[in-house]
Amino acid sequence: RLVLDHWDLAAFPLDGYFLTGLTYLNLQHNQLRVLPPVVGLYQCLINFQLDHNRIEAIPEQIGRLHGSLTELSCSDNAIQRITSGIFQLTSLIRLSLAHNKIKSLPEACSRL
């Protein structure tokens, strides 16, 4: 469990090989704009909290967490579109994308 909320972080603080057994990651209330593709390496991650940042996109590699991630919260960011990687998250129980800049839903939504 790693909680780094309210740290004023501007960049993703972890590389892909550090703490790969992490199950909970809270990066809420920071200044993050970009989530690097390395997030796909955290294959034990169950709960990922990213609310209240400046994130513009979720990388496709998030789909690699399909066997573990049950909660992804990305509210209050600047996300403009939902990537297809989100739809690969077959274990996902809760997805929060409220208060973003999403203008349309991808065709993959119709298969949910």
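Check the entry above for the structure.
No experiment lies behind these values; they were computed from the predicted model shown. (Residues numbered from 1 in each chain as written. Predicted model: local features only at pLDDT ≥ 70, side-chain atom pairs only at ≥ 80, totals over all residues. Heavy atoms only, no water.)

Student: How should I be thinking about the overall build of the protein chain in this particular structure?
Tutor: In terms of regular secondary structure, the protein chain is built from 0 helices and 5 strands. For 112 residues, the compact-globule formula gives about 13 Å, and the C-alpha radius of gyration of the protein chain, at 13 Å, lands near that figure. Counting only C-alpha atoms, the protein chain reaches 35 × 25 × 20 Å along its principal axes. Scored against the burial criterion, the 112 residues of the protein chain give a buried share of 45%. Taking all contacts inside the protein chain whose residues are at least 6 apart in sequence as the whole, residues at least 24 apart take part in 31%. With an accessible surface of roughly 6200 Å², the protein chain has 52% of that area assigned to carbon and sulfur atoms. (Helix = DSSP H or I, 4+ residues; strand = E, 2+ residues; numbered from the N terminus. Rg over C-alpha atoms; globule rule 2.2 N^0.38 Å. Buried < 20%, exposed > 50% of the residue type's maximum accessible area, 1.4 Å probe, protein only. Contact = heavy atoms within 4.5 Å. Areas by Shrake-Rupley, 256 points an atom, 1.4 Å probe, with all protein chains shown as cover.)

Student: Please clarify how the sheet that holds strand β3 (residues 47-49) should be interpreted in this entry.
Tutor: Pairing between the strands of a sheet is mediated by backbone hydrogen bonds and can be parallel or antiparallel. Taken in spatial order, the 5 strands make up an open sheet running β1-β2-β3-β4-β5, and their pairing is parallel. Pairing within the sheet leaves two strands with one partner each, and these edge strands are β1 (2-3) and β5 (94-96). Examined bridge by bridge, β3 and strand β4 (residues 71-73) share 3 bridges and lie parallel to one another. By the bridge assignment, N47 is partnered in β4 with E71. (Pairing = 2+ DSSP bridges.)

Student: Got a minute to help me understand the side chain of S75 in this structure?
Tutor: Counting through the fold element by element, S75 comes out in the loop between β4 and β5. A polar contact of 3.5 Å, which involves the side chain of S75, links it to the backbone nitrogen of A98. (Polar contact = N/O pair within 3.5 Å; in protein donor to acceptor, adjacent residues only side chain to side chain.)

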